[in-house]
Structures are given as structure tokens and as C-alpha cells.
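Summary of structural features
For reference, the chains in residue letters:
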Amino acid sequence: MAKQEDIFKNVVSHAKEYGFIFPSSEVYDGLSAVYDYAQNGVELKKNIREYWWKSMVQMNENIVGLDAAILMHPTTWKASGHVDAFNDPLIDNKDSKKRYRADVLVEDFAEKIHQKAQKEIDKAKARFGDAFNEQEFITTNARVVEYLAREKEIRERLGRSLGNGDLEDVKALIEELEIADPETGSRNWTDVKQFNLMFGTKLGASAENAMDLYLRPETAQGIFVNFLNVQKSGRMKVPFGIAQTGKAFRNEIVARQFIFRMREFEQMEMQFFVRPGEEMQWYEHWKQTRLNWHLSLGLGKENYRFHDHEKLAHYANAAADIEFNFPFGFKELEGIHSRTDFDLKAHEQYSGRKLQYFDPELNENYVPYVVETSVGLDRMFLAVFATSLQEETLEDGSERTVLKLPAVLAPTKAAVLPLVKKDGLPEISKKIIEDLKWDFNVSYDEKDAVGRRYRRQDALGTPFCITVDHQTLEDETVTIRHRDTMKQDRVKISELRGIIENEVSMKNWLMKM
Ligand code: ATP
């Protein structure tokens, strides 16, 4: 555990030291769970957004984009159920005065039991090698069977009591499992209460006429209320999708995990409108397609898993999370939800307008069903950043810190380094930059010995360093150094563009999907 905490601390401090993420308004000691993206962070974030947008909008003829406003008519949130039901169950510890999400306390407890089972499985795997049959082991090893049954029982009971709004039973469960305050060990808990997560604000100049609004807690509703506008103006045929990226705001109860749980964050959502009755096949399709998108980044298959929901939200008839192995364990990265016709029907009811589609093939009107994919851009950032940050011991025994970002997402694609600050080498370096900057983000660095400059670029995640030396003056060649292998090749300046393009082009990465 201590090790995991150290890794996470390292991620946070690296993000700050190398200009990726700063606490918001830090001169005033920051604002809890709000962060700013710095010069390198903003590039990485932009690249993740673009990687998502391309795969969704550009690569699918039947998916179009949208950029709806953050402020929406307040009835939107009545219709969507957020005013009445966008609550988290909170619990306070009477001794430490710390506040927690009751469901998260129980889920973390269940996850610990899961880890125990996993440990037994890993041990057996190591012992039996190729002969190991995991499925058989899981169903026959007494200890593993017991752990997994216990985990299931706890998760199901939590799902049931949350589903029924039975907060007393959630408290009873916490007491029965003897769950203690993770920070202090105290078991002196208050009752579980509901807490609405929406931020309120006001529209209008005078206090009397002001209208109460909410900052949107999800981007999805902007898509639902525009469903018919887009369908008609774009002459879209079901099935079709609308994709959107943008800010969402939630007054989270517990926000202590850096950019994992923020109060202001960004979502990348796509709502796919389908014929009623066809939603389950599209739900399976999007589950797999979204997992493939994640896998295309090469962060390791073992770092992802599906978690099918026991407790379904009020709008869903099926839901799964893609969970990622963050430095603090497996947690939700993306949600895939079959939202039925709940949202469109609710907006019909509250607005009095029809939100229906005329299906020319069936010759009938209906309210489409919706399958949603919703991934947090900041969580994606954390997944990519934390997994890429590695400490390596080199052959000569020295250590290096390297940020092995997928090259397609790296903020800077290449750094151009003159070996010395004289003899015309800086001028050639700048000329190379002038050429490359039309296609890639490139940077220039002439300070310190070249070895230290390499280390700095490694820590920033730059996939290539291009070094200009005296031989360049003679034959127009440079060395190009690869971040991950540290291998150096001598190449012609004219070849640089092609070499970089091959490694960083979105096309080459997306084709792995
Ligand atoms: P959680 O259970 O972790 O609170 P959620 O199930 O409420 O998340 P959704 O409403 O499904 O999340 O939102 C979709 C995605 O938005 C999540 O998978 C996550 O990546 C992201 N997200 C949600 N809340 C936050 C937050 N407070 N900070 C950063 N990202 C968030």
C-alpha cells in the first residue's frame, strides 16, 4: 500500500514539476479538487480529446458533433431526474469529522476481498505455469470460491439497498463489515444521508428576477434536448450518434484523488440513437468498440476490466464501466449505458414537444432508445500519465525517469538540440524547427550537456530528440534518439518528417483499434 501511495505522490509531483497540472488558484492555496492544466498538460489533454473525436466523429459517417452550452434551462434537470435523484449517499465519521461516500467505503472493502482472491490466483498461476487452468481454479479452490462469493454477496446487497433507497441498510452493512475510517481507524459513524451534487448559480441582473440555474453535471442532456434539431438539420437516419466534449460540474463529497475526482471536469460523451428493441446489440457493440479504443493506446490489456452494474441508474436497462488500474487500484474510467428512451420521453413530457423520429423503413414514429458512452477526459489523462511514468535502471546502473506516453498523445513530438551553442549548430537546429513545426509540436533546447537535455525530454514524454552536431555541417545528417529504447540513428534531415509522422500519426494508432 505504501508503495502505491508513493507512486501516486510521484505522479502528482511530476505533473507539477514538469508543467502538466497545477492546483487551481495556487497563490491562494488552491481550491479543493479543482486543477489547471499547464503548458504540457494542455497539449496532452488536447491530444486525448482529438484522439477520441477522430475515432468517434471523423471515422463514423453516422456520428456528428455538438457543442452545447454549459448553462441550460433549469427544467432540463427536473426532467432528467437530477434535481430529485442526483445524490450520493454520504456518511461522516464522528471522531475524525471526515466525510465519505458510504457506497465507496463498501465498494473498497469488496475490492480488497477481490484482491485477496486475485493474489491466490496469481500464486497458483506462477506455481503451475502453462498447465494452469484459471477458470477451473476459480471454481474449485475453496479459498478463492469463498472470497469471490463474499465479494458478490456484499456488492449485491449494496446494489439492492441503494436501489431501494434503503440508507439504513447501507449503514448496517458498514457496521456489519466493521469498516473503519481509512484515515483514522475509527468506527464511530453517523447515519447515511443523501447529498445533491449539482452546483447552483443564478441568471439575471436583479435579485428579484434572477432565475435559479445549475451548472450542468453531465454533458449528455445538451445532446438530448438537441436530438431533433440535429436529426432534422443533418438529415440523420437512426441509428446515428451525437458526440460532445465539454465541462461538467459536480459538488463531489469526497475529492481527494487528484484529477480522478474533480469538482469541475471534462467529459467526452456520445449518445447513439437506435430503434427500440435494438439497444442491447448496440450496447454490446459500443462496449467492445470503446474497449478497443482504449487498448489501441498500448497501456496494457491487463490494466482494463469491465464491471457490470448491479445497481442500475434510474434511466438505464444495462450499464457497465470500463475500469482502469489506477495507482490506487481498479476504478471507473468510462461508463457505457443503455439509457432506454428515458431522457427523450422525459423531455417530451416536461416540454410538451414531440421528440420523435419518423422511421421511413418501418413507416412509423417512435422515441429512439439511447446507448451512451461517457469517458472522463481528466481520468483518461490520469490513466495515461500515471501508467506512462516509469523509473528505469539503465545498463550502467544509473536511473532515469521516463514518461512513456503513447507517441500519438505526447505534448511535444520532437526536441531539436544543437550539440554546442556555436559553430552554426543553433542556426541549423532552428531551421529544422521551422520546417517541422508545420506538422508537429517541436521544441528547442540548448541549455546544459546533451545527456541532461535527453533526460529532461524523457521526463516530458517527448518521443524523439534530434541532435545537430559538427557532422551535420558536412553531410546534412543528424542523430535521432528514440525515447523508449534510447537507440540513436544517423539520418538525413530530409528524412525526419517521415520518421516522426510514422510514429505519431493518429491514423497509424487508430488503425490498431
Ligand atoms: P463515479 O462513480 O466515479 O462517481 P459516475 O458513475 O458518477 O462516476 P458518470 O456519471 O458515469 O460517472 O460519468 C461518466 C464519466 O465521467 C466517468 O466514467 C468518469 O470518467 C467521469 N467523471 C465523473 N465524475 C467525475 C469527476 N468528479 N471528476 C472527473 N471525472 C469524472
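Residues numbered from 1 in each chain as written. Predicted model: local features only at pLDDT ≥ 70, side-chain atom pairs only at ≥ 80, totals over all residues. Heavy atoms only, no water.

Per an unreviewed UniProt entry, the recorded name for the chain is Glycine--tRNA ligase, and the organism is Flavobacterium johnsoniae. Here is the UniProt Function (unreviewed entry) comment for the chain, exactly as written: "Catalyzes the attachment of glycine to tRNA(Gly)." (UniProt positions renumbered as here; feature names shortened; annotations may be inferred.)

Moving on to the pattern of salt bridges. On inspection of all chains with the given rule, the structure shows 46 salt bridges. Note that glutamate 111 and arginine 155 form a salt bridge whose closest N and O atoms lie 3.4 Å from each other. With glutamate 111 in helix α5 (residues 102-128) and arginine 155 in helix α7 (residues 142-163), the pair connects residues that are 44 residues apart, well separated along the chain. Considered together, glutamate 111 and arginine 155 belong to a single accessibility category, that of buried residues. We note a salt bridge from lysine 437 to glutamate 434, for which the minimum N-O separation is 3.2 Å. Residue lysine 437 is classed as partly exposed on the basis of its relative accessible area of 45%. In the salt-bridge network here, residues are joined through shared partners; they are Glu392, Arg400, Lys404, Arg455, Asp458 and Arg481. (Salt bridge = Lys/Arg side-chain N within 4 Å of Asp/Glu carboxyl O. Helix = DSSP H or I, 4+ residues; strand = E, 2+ residues; numbered from the N terminus. Buried < 20%, exposed > 50% of the residue type's maximum accessible area, 1.4 Å probe, protein only.)

This part takes up the domain arrangement of the chain. Along its sequence, the chain is organised into domain 1 (1-76 + 217-393) and domain 2 (398-510). Summarising the inter-unit geometry, the C-alpha centres of domain 1 and domain 2 are found 34 Å apart. Between domain 1 and domain 2, the residue contacts involve 24 residues of the former and 22 residues of the latter. Together, the buried faces of domain 1 and domain 2 total about 2,200 Å²; carbon and sulfur atoms form 62% of this surface. Among the residues domain 1 hides against domain 2, the three largest losses belong to Tyr18, Tyr51 and Glu392. Together they make up 27% of the total. Taken together, the links from domain 1 to domain 2 amount to 2 salt bridges. The partner of glutamate 392 in a salt bridge is lysine 404, with the nearest N and O atoms 2.5 Å apart. (Domains from an automatic or database assignment. Contact = heavy atoms within 4.5 Å. Buried area = accessible area lost by both parts, 1.4 Å probe.)

Residues in contact with the ligand amount to 16 residues; listed here are only the nearest, Glu252, Arg261, Met262, Glu332 and Leu333. A distance of 2.9 Å separates an oxygen atom of the ligand from a polar backbone atom of glycine 376. Contact with the protein chains covers 87% of the free accessible surface of the ligand, which is 590 Å². Among the elements of the structure, β10 (264-274), β13 (329-340) and β16 (369-376) are those that each provide at least two residues to the shell around the ligand. (Near = heavy atom within 4 Å. Polar contact = N/O pair within 3.5 Å; in protein donor to acceptor, adjacent residues only side chain to side chain. Areas by Shrake-Rupley, 256 points an atom, 1.4 Å probe, with all protein chains shown as cover.)

Here, the residues flagged by UniProt with the feature "coiled-coil region" (unreviewed entry) are residues 107-134. Between the first and last C-alpha atoms of residues 107-134 the distance is 24 Å; the span itself is 82% helix and 0% strand.

The grouping of Leu71, Leu203 and Met211 at the surface amounts to a nonpolar patch, some 240 Å² of accessible area in total. Take methionine 211: it is sitting in strand β8 (residues 211-214). (Patch = residues over 30% accessible without salt bridge, like charges linked within 9 Å, V, L, I, M, F, W, Y side chains within 5 Å.)

As recorded in UniProt, the feature "binding site: substrate" (unreviewed entry) lies at Arg101, Glu218, Phe265, Glu266, Gln267, Met268, Glu269, Glu372, Thr373, Ser374, Val375 and Gly376. Taking the farthest pair of C-alpha atoms as the criterion, the annotated set spanning 276 residues is dispersed, since that pair is 25.2 Å apart. The residue glutamate 269 is located in strand β10 in this model. For glutamate 269, the side chain forms a polar contact with the main-chain nitrogen of alanine 220, separated by 2.6 Å. Among the structural elements, glutamate 372 can be located in strand β16. When near neighbours in sequence (up to four residues on either side) are disregarded, glutamate 372 contacts Ala220, Glu269, Met270, Gln271, Gly335, Ile336, His337 and Arg339. Side-chain polar atoms of glutamate 372 contact the side chain of histidine 337, separated by 2.6 Å.

Here we take up the packing of helix α2 (residues 39-58) against helix α11 (residues 279-295). At a minimum axis distance of 12 Å, the contact between α2 and α11 shows a crossing angle of 140 degrees. With respect to their mutual orientation, α2 and α11 come out oblique. Pair α2 / α11 crosses with right-handed handedness. Here α2 contributes Ile48, Tyr51, Trp52, Ser55 and Met56 to the contact with α11, which in turn contributes Trp286, Arg290 and Trp293. Residues of the contact of α2 with α11, tallied by class, amount to 6 nonpolar, 1 polar and 1 charged. (Axes fitted to C-alpha atoms, helices over the stretch in contact; angles between N-to-C directions. Parallel < 35°, antiparallel > 145°, perpendicular 65-115°, else oblique. Left-handed = near helix turned anticlockwise from the far one by under 90°. Nonpolar A, V, L, I, M, F, W, Y, C, P; charged D, E, K, R; others polar.)

Moving on, we get to the sheet that holds strand β9 (residues 240-249). The strands that make up a sheet pair up through hydrogen bonds in the backbone, lying either parallel or antiparallel. Judged by pairing direction, the sheet is mixed, and its 7 strands sit side by side in the order β3-β9-β10-β16-β13-β12-β11 without closing on themselves. Bordering the open sheet on either side are β3 (63-65) and β11 (304-308), each of which pairs with just one other strand. Taking the axes of each pair of neighbouring strands and ignoring which way they run, one obtains an average angle of 25 degrees across the sheet. Here strand β12 (residues 318-326) pairs with β13 via 9 bridges, running antiparallel. Following the sheet pairing, alanine 320 is matched in β13 by isoleucine 336. Contacts from α11 reach β3, β10, β11, β12, β13 and β16, with the element oriented near 150 degrees to β13. (Pairing = 2+ DSSP bridges.)

This part is about the pairing of β13. With respect to burial, β13 is a largely interior element, 11 of its 12 residues being buried. If you look at the hairpin formed by β12 and β13, you'll find 2 residues sitting between the two strands. Pairing of β13 with β16 involves 6 bridges; the strand directions are antiparallel. When the sheet's bridge partners are listed, glutamate 334 is paired in β16 with valine 375.

Here we come to the sheet that holds strand β6 (residues 193-196). Strand order in this open sheet of 3 strands is β5-β4-β6, and the pairing throughout is antiparallel. The open sheet terminates on both sides in strands that have one partner only, identified here as β5 (99-101) and β6. Averaged over all pairs of adjacent strands, the angle between their axes in this sheet comes to 45 degrees, without regard to strand direction. The pairing of strand β4 (residues 87-92) with β6 spans 4 bridges and is classified as antiparallel. Following the sheet pairing, asparagine 87 is matched in β6 by asparagine 196. Each of β4 and β5 is contacted by α5, which is oriented at about 65 degrees to β5, the strand it contacts most.

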